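In case you want the letters, here they are:
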Amino acid sequence: MKARGELNESQVAALARAMLDRAAAVAPEQVAAERPMFGLLSRTYFSDPRRALEARELAGHSGPLGFGAPEVAELLTPLFLAAASAVVADLTCRATEVSQELMRRLLNRGAPGPEEDGSADRQVPAPVAFTGDQLRAMRRIVAHTLVRHGGLSEERADLLAAAAVGDAAVGEVTE
Amino acid sequence: MTDFGDGGPAARRAGTGPRAGPVPDPGRLLRGRTDLRFATLVAAVLASSVVAFGVVFLALPSSERMFQDEVRPCYTRAERTVAPVRDERERLNLRMKLVNRCARPYFASEARWVGSGLLVESAVAGVLYGLHPWWPTLRWSRARPRDGKGRGRRTRLRLGGPVTTRLRPEDAADVVAELDALAREADPNRTPAWLVDARAPTVGGSAYGLPGRPRVRLDMGLVLRRHEDPEGYLAVVRHELAHHHNRDVGRTYLTIAIWWAFVLTALMPFVVLTLCPHALQSTGGPVELGALGAPGKLAHRLGALAVLGLTVYLARNAILRTRELHADATAHAWDTAGEALPDMVRTLPWPTRREAWRLCLARVGRHPSPARRVEAMARPDLLLRTGVWEMAGLGLVAGLALDNLTLLVGNLSEEYLTVGLTLLALPVGALLAGSLAGAVERGAAVGSGTNRLRHLLPPATALAAGFGCSRVVSLVAADLTVFGPSTGQFALSTAILAVGLLLLAVWVDSVVRHHRGADDPAAEHGRPRRAGRAVTLAAIVVWAPPLAMWHTFALNPGDFTTLYLRPFAASGHGIVWYERLGEWTGDVYFYLPLAMLRSTPVVPLGLVLLVAVPAVLVPRLRAGTGTDVIRAVRVGAAAGCAAVLTATVLPFAARAALPSEVRNPSGPVLDLPGGLAFTGVYTYTYMLAVAFLQAAAAAVTAGTGRRLRPVLVPVAVAVTAVLGGVGLYVGRGVSACVRLTGGPPHSCSWAPFVPDADAGLRLQELVTWGAVASVAAGLIGTAVAELTGRRRADDRARSSGKALRPHRWGAVTVGALAALGTLIACAAAAALPQDYAVWKPAAATDAPQPAHEPGGAGGSFVPAVDRCLIGSWHVTAWLRTLRVGSSTAHVRETGQIITFRTDGTTTFDNGRRAVSRGALGGHSLEVTLTGATTARYRARGHTISYSGGAVVRPGSATLLIDGVRRARQEVTPTFVPDHYTCAGDTLRLTPAEAADAGNYDITLRRGTGAGA
């Protein structure tokens, strides 16, 4: 179980990172701020995913010598990690062979991440064999996760999910 | 300073560019002030613990056993022992001594228990404090239902708080480097560990950590803000660093830890035992003495608990708000280039006026309003102002700390009760005096110079009200309901306190403002702060002892409203005006608070300091250049000369007005117990006259003075007092020459004119009386001057420069004042042995040998009865010889009923009213007796001995001379052994001891009641 869990964490982190990178198209400032902290955020998330997603409940509790600002920032990384977990779980249930590279190739289409910037000679990933239903299901899962755990409006969740999964994904898949 | 570019948040206000220069940090002054508040708060909690642990001790079975087996029998033995003592005062002293001895092991055991409880509480507090870095992980949070919707949420305690992660360079090297650089700028010697709560989306942070291990926790929301708003992000970090810099962390978390330790170890058992006082005991035990079952006591205690909780909560939040403001000011002072922190603070939410309830809660919360925070950053000096509510809260918290210690310390002090309680209150007196003086001193620097009373009255009255109210709402108040003040007593004692504090405020304000005046070159050289500290210190030294004494006397509210001598008439042979004079002077002289105050060097030394400190600080006084100083000395000297004149004339007047039998104590003078002899009336009359002259001098000085009234009035009072002291001996010499009180012929010599060993004490008394009298007179003089506009005229005169011209007698005046101060100080020092004699406990006589009680004081009292005595006896004639001074009066009484029972008890009943009548020196004498007493008796060999006397029906003995009531005192169970002759229905009682021979002869006739 442990080995499988580690594998899943790695897959989930890779998928979430890819989602975050793609979400830059919709929330560039937010994504730029979270990218440097992705490692820390993902470690914290995997240590206790449930508590990580309940963090919004603790807003306003800054302790006796806190600054006193109740302002709540929108943390996308834990939400994408949760969404990625749900996606991986869903794909696992569908007995689809999932690999980290596959995920990266899937989600890197059309929206290169920062590490791919300027790498002209990098090999173009091959098309991924996901069906339109699978991608629609993934987008639905991501949007649902953003609404449920992030408290985002459905419109914003759909927008972010579309960016993270790929709005044009349906047209590129082989039927 | 790291350059973070010029990008700012959208919320940042336009036009708030870099400041012209750094804003000064209020620094240690503010930190020291809030430290003092923290310490007072902790003291209040610990003192409440003392009460709580005391209640727990009272409910322990071991305490019950100790009380039943040791204390109660000892009390019984003590009552038997003191019963034969005939002198009431001796009996009371002996009784107190024996009762204290009986209770000593019990109270010592209670003290050990309370000390152990405090140790446990401290240990728990230490553990909680040591664990405070992990507190945030344990918090109340709402459980989220599975459907993720908001319905049906439950609040529960769980480990659901933030989990911090050490921010390592490998995670974000640039962030860590930036934070470290910032921390080094704040404090090069102390770089905190940086932790991130990666789950917290909030834009905040928190300072915490154990000593030597400072930590700053940053919310992930704040860290992410670094990208969008680097200056705002750094401003928040600076704010948290400022908390470390200001040493807020340890004090804050330790205070909270102590509160929770109090709740866990003391409050919870206390509440349980308050609701179920006999939970641990099989029988009543000592709890019944604590009157736990008294009506309203439960409500009183619970109310006191509510007040304590609310007070601690509000006081803690007030302190935290001040700390937040200080941290803001410090952080803003570090950021010399921008307005990032004010801009961040401005974006913080705050309830509007429409949200009244939320606004009220926010105002008493842990964080001040954004507007207040921005104001504090712009004007840090405003932080040094002390608000009215802050003063009231300080008084209340300090009072709670003191009052809750009173019972235990009082019990342990035994016969040193007054001394012990005064010493206990001394630090609190210093705290109150120092706090008010500091507040006024800082306010004098900030406030304007007009209508000073409007600035001084609120803090003084608020402090007095808070301190006074603590007596009613303290946890121990429910156990001391017997000392509960009436509304009038409460108002009087609080008013006295308020006046005293107002005087302090006025004096400090006057001295500080004049020191900082334009005519003071020292103000330009950084001396004001040192001068302010000197003034504050002087105020503490002068006012702390009287404040402590006030608290001691306020514990028994009757002390302020009781005139002890009034029930007793002065000697006077029916000369009404003289007897009234004796009553008034006696009332003043023996008014307990004043009598104890004049038996201390507090007022004389205080008076010297009130003049000496400003004389050093204010150049105009130091150089003697002010005409107002000369005027004060002249006024005082004029009043003093009037005192000497009075002393010279008074012997002649007394000689002319009073007959020799009144003036001569060896004559047939009616000198009742507690009454005043002529010499006393004469001396106190003169002292009152001097006090009146001092008051007049004070009024004139205050009314005609220009400035520095609180300094000039003491000058006038001191001058008058010293000359009044001279007059005292002039009068004594003249009295001897005119043979006012008789004495041998040719007794006129220089000897009576020369001050004797009592000179120091007399001068001390004169100064004290004069100081007290001059308070009201000075206020009246000031009010008259204000109302008539004289002050404005004087200010105009001063502005023309006339008042600042050096006076030709200036140097001489300063020298004379210095000599005067030295003389008063020496007089106070010389009076110390006599002061000590007043303050030391009264020496109680040793327990008398049980000559009339074979079983001894501690033995059993076996009834020994004569069958002839059994029954009720009516007094047919009671011939009594009253000794009045050197005269004797024979009176005859009737109406009493004496009952002897077979169980060894007897009752002496005055019925509705027993009357004795007689004559004394041509005056009719009448004594009216009411009430009834009881005792145990033994009849052996025609002698009846009594013990264990008690009042069964309160009554009084009233003395009337020529139909005018002259004395009244409560009836007391005083019994002396009788020799008796019983034959049939006739009984005769006469004194059994030779010393009482001839004092009474009682003839009784057997009544019809059974009495057995």
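Use the structure listed above.
Residues numbered from 1 in each chain as written. Chains lettered and ligands numbered in written order. Predicted model: local features only at pLDDT ≥ 70, side-chain atom pairs only at ≥ 80, totals over all residues.

Caption draft 1: Inspection of helix α7 (residues 132-150) of chain A at higher detail. Residue and element names in this part refer to chain A. Its 19 residues give α7 an end-to-end C-alpha distance of 26 Å, which sits within 8% of 27 Å, the value for a rise of 1.5 Å per residue. Those residues of α7 that fall on the buried side of the exposure criterion are M138, R139, I141, V142, A143, T145, L146, H149 and G150. Just past α7, the residue G151 takes up positive phi, approximately 70 degrees. (Helix = DSSP H or I, 4+ residues; strand = E, 2+ residues; numbered from the N terminus. Expected span 1.5 Å × (residues − 1). Buried ≥ 20, exposed ≤ 12 C-beta atoms within 10 Å, placed from the backbone.)

Caption draft 2: Just the nonpolar core, in detail. Residue and element names in this part refer to chain B. L436, L463, L504 and V715 are the most contacted members of the largest nonpolar core, which totals 254 residues. The element best represented in this core is helix α1 (residues 28-59), accounting for 18 residues. Mapping this core onto the domain boundaries places at least three of its residues in each of domain 1 (158-248) and domain 2 (567-839). Ignoring sequence-local partners within four residues, the contact set of L504 consists of A433, L436, A437, A539 and W543. Judged by nonpolar contacts, the second largest core, of 29 residues, contains A78, L94, C982 and L987. (Core = buried A, V, L, I, M, F, W, Y, C linked by C-beta atoms within 7 Å. Domains from an automatic or database assignment. Contact = placed C-beta atoms within 7 Å.)

Caption draft 3: Structural detail: the pairing of strand β10 (residues 905-909) of chain B. All names here are of chain B. Of the pairings in the sheet, the one linking strand β9 (residues 897-900) to β10 comprises four bridges and is antiparallel in character. Along β10, the bridge assignment pairs I898 with F908. By the bridge criterion, five bridges tie β10 to strand β13 (residues 932-940) in an arrangement that is antiparallel. Directly across from T906, in β13, lies its bridge partner A935. (Pairing = 2+ DSSP bridges.)

Caption draft 4: View of the sheet that holds strand β4 (residues 193-197) of chain B. All names here are of chain B. In spatial order, the strands read β3-β4-β6-β5; together these four strands make up an open sheet with mixed pairing. The open sheet has two free edges, formed respectively by β3 (164-166) and β5 (205-210), since each of these has just one partner strand. Within this sheet the neighbouring strands show an average axis-to-axis angle of 30 degrees, counted without direction. In the sheet, β5 pairs with strand β6 (residues 213-219) via six bridges, with the strands oriented antiparallel. By the bridge assignment for β6, G209 is matched with P214. Strands β5 and β6 of the sheet are contacted by helix α6 (residues 230-245), whose axis makes an angle of about 30 degrees with β5. (Axes fitted to C-alpha atoms, helices over the stretch in contact; angles between N-to-C directions.)

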